[in-house]
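Here is what each chain is made of, one letter per residue.
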Amino acid sequence: MRKIGFVGAYDKTDLILSVARVLEQAEKKVLVVDNTIEQKCKYVVPVINPTVSYITEFDGIDVAVGFNSITQIRQYLGLENDEEFEYDIMIIDTDNYDGMEQFNLQSSEKLYYVTSFDIYSLKKGIQIIKQVDVPLHMTRIFYSKEMLKEEEEYFDYLALGVKVIWNEEKIYFLLENGDQSAIIENQRLEKIKFRNLSNEYKENIAFLVNDIDNEIGEKKIRNMIKNL
């Protein structure tokens with residue numbers, strides 16, 4: 001099983017579910033783990049009988065809520081320590097350093113750092129990775145209205161001294177291109193659809209899916225997104 005981490009104080013739920021949906025269409029069995037303080041998945045992913053911790057199916061994806069470690073997920077699924085998960089990919093969303101430690105995200109195959117440029121997201125997100133004491137390779141995902149040069153410069157200033165090796169690629173999501181309305185509609189319909197999302201959003205999802213599993217192929221990924 002491959003472990004993928006998304007780290008940061010900014011809301012990553014819909015982004016991760018979109019990525020997982022495409023991976024599921026590529027016949028990958030995916031578990032999304034919401035380890036955030038807000039636990040947004042508890043509200044946007046439909047479940048009949050929610051408990052403190054549970055795993056539910058949503059659009060072909062399994063979603064885990066209320067777990068603080070992989071060991072707890074193993075116990076919930078009734079797996080022994082030496083038993084393999086039935087999942088191909090586990091995507092872990094966390095907004096706290098404890099989550100990074102408890103899920104050992106330092107050993108993730110891929111790590112993504114997600115932030116917008118509001119002060120809360122910037123400073124709290126940087127606070128998380130400042131506690132990392134081993135060098136980590138991470139890809140930056142920025143949410144912004146205009147992607148100003150000054151915003152990135154301020155981020156770089158706050159990130160001085162962190163033990164992170166930033167990958168060259170950077171992903172930009174523009175906040176005012178209509179995607180939020182499409183995402184809200186998806187939440188209301190309890191579906192993950194791409195039809196009304198912007199081309200930029202779709203291209204970013206295609207990039208992430210290909211980055212996570214490049215054996216699927218870019219052409220196939222784009223065709224799957226087109227048909228979702």
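Details of the structure are given in the entry above.
Asker: A description of the packing of helix H8 (residues 199-212) against helix H9 (residues 218-227) should follow, citing residues and the corresponding values.
Answerer: The geometry of H8 relative to H9 is characterised by a closest axis approach of 10 Å and an angle of 135° between their N-to-C directions. Judged by the inter-axis angle, H8 sits oblique to H9. In terms of crossing hand, the pair formed by H8 and H9 is right-handed. Here Lys202, Glu203, Ile205, Ala206, Val209 and Asn210 of H8 come into contact with H9, specifically with Glu218, Ile221, Arg222 and Ile225. A breakdown of the residues in the contact of H8 with H9 according to their chemical character gives 5 nonpolar, 1 polar and 4 charged.

Asker: Let's hear about the pattern of salt bridges: which residues, and what values?
Answerer: The tally for this structure, following the rule as stated, stands at 15 salt bridges. Close ionic contact of Asp93 with Lys12 constitutes a salt bridge, the shortest N to O distance being 2.9 Å. Of the two residues, Asp93 is situated in strand E5 (residues 89-94) and Lys12 in the loop between strand E1 (2-7) and helix H1 (13-25); the sequence distance between them amounts to 81 residues. For Asp93, a relative accessible area of 3% gives the class buried. Since its relative accessible area comes to 1%, Lys12 is described here as buried. A salt bridge links Lys170 to Glu152, with the nearest nitrogen and oxygen atoms 2.9 Å apart. With Lys170 in strand E8 (residues 164-174) and Glu152 in helix H6 (residues 149-158), the pair connects residues that are 18 residues apart, well separated along the chain. Overall, the relative accessible area of 32% leaves Lys170 in the partly exposed class. You can call Glu152 buried: its relative accessible area is 14%. Residues joined by salt bridges that share partners form a network here, namely Arg2, Lys28, Glu109 and Asp213.

Asker: Summarise the packing of aromatic side chains; cite the residues concerned and give the values.
Answerer: Each pair of aromatic rings is reported with the distance of its centres and the angle of its planes. Here the structure, examined in full by the defined rule, presents 12 aromatic pairs. In this structure an aromatic cluster arises from ring pairing among Tyr113, Phe117, Phe142, Phe155, Trp166 and Tyr172.

Asker: Give a detailed account of a negative patch on the surface, specifying residues and quantitative values.
Answerer: A surface patch of like charges, here negative, comprises Glu80, Asp82, Glu83 and Glu84. With respect to the helices and strands, Glu83 occurs in the loop between helix H3 (70-77) and E5. On the basis of relative accessible area, Glu83 is assigned to the partly exposed category, the value being 34%.

Asker: Residues and numbers for the nonpolar core, please.
Answerer: Counting residues in each nonpolar core, the largest one holds 44 residues, and the members touching the most others are Leu15, Ile91 and Ile141. Ranked by residue count, the leading element in this core is H1, at 7 residues. Those residues in contact with Ile91 that lie beyond four places of it in its chain are Ile4, Phe6, Ile16, Val19, Ala20, Leu23, Val30, Leu31, Val32 and Val33. Formed by 34 residues, the second largest nonpolar core is a distinct cluster that contains Ile92, Tyr113, Met138 and Ala159.

Asker: Run through the pairing of E8, naming residues and quoting values.
Answerer: The sheet contact formed by strand E7 (residues 136-144) and E8 spans 8 bridges and is parallel. Counted as the bridge partner of Ser144 is Leu174 from E8. Between the parallel elements E7 and E8, the chain passes through H6 in a crossover that is right-handed.

Asker: Could you give an account of H3, naming the residues involved and the relevant values?
Answerer: Taken together, the buried positions of H3 are Ile70, Ile73 and Arg74. Projected down its long axis, H3 shows its buried positions confined to an angular sector of 105°, all on one face. Buried-residue contacts for H3 involve E1, strand E2 (30-35), strand E3 (54-58), E5 and helix H4 (97-102). Of the residues one or two after H3, Gly78 is the one with positive phi, at around 75°.

Asker: With reference to specific residues and values, describe unusual backbone geometry.
Answerer: The backbone phi angle of Gln39 is positive, close to 50°, even though this residue is not glycine. The topology assignment puts Gln39 in the loop between E2 and helix H2 (41-44). At Asp59, a position not held by glycine, the phi torsion is positive, near 55°. Locating Asp59 in the fold gives a position in the loop between E3 and strand E4 (61-65). We classify Asp59 as buried; its relative accessible area is 15%.

Rules and cut-offs
- Residues numbered from 1 in each chain as written.
- Predicted model: local features only at pLDDT ≥ 70, side-chain atom pairs only at ≥ 80, totals over all residues.
- Heavy atoms only, no water.
- Axes fitted to C-alpha atoms, helices over the stretch in contact; angles between N-to-C directions.
- Helix = DSSP H or I, 4+ residues; strand = E, 2+ residues; numbered from the N terminus.
- Parallel < 35°, antiparallel > 145°, perpendicular 65-115°, else oblique.
- Left-handed = near helix turned anticlockwise from the far one by under 90°.
- Contact = heavy atoms within 4.5 Å.
- Nonpolar A, V, L, I, M, F, W, Y, C, P; charged D, E, K, R; others polar.
- Salt bridge = Lys/Arg side-chain N within 4 Å of Asp/Glu carboxyl O.
- Buried < 20%, exposed > 50% of the residue type's maximum accessible area, 1.4 Å probe, protein only.
- Phe/Tyr/Trp six-rings, centres within 6.5 Å; stacked < 30°, edge-to-face > 60°.
- Patch = residues over 30% accessible without salt bridge, like charges linked within 9 Å, V, L, I, M, F, W, Y side chains within 5 Å.
- Areas by Shrake-Rupley, 256 points an atom, 1.4 Å probe, with all protein chains shown as cover.
- Lys, Arg positive; Asp, Glu negative; His and termini not counted.
- Charge placed at Lys NZ, Arg CZ, Asp CG, Glu CD.
- Core = buried A, V, L, I, M, F, W, Y, C linked by side-chain atoms within 4.5 Å.
- Pairing = 2+ DSSP bridges.
- Right-handed = clockwise from strand over helix to strand, strands pointing away.
- Arc of directions from axis to C-beta.

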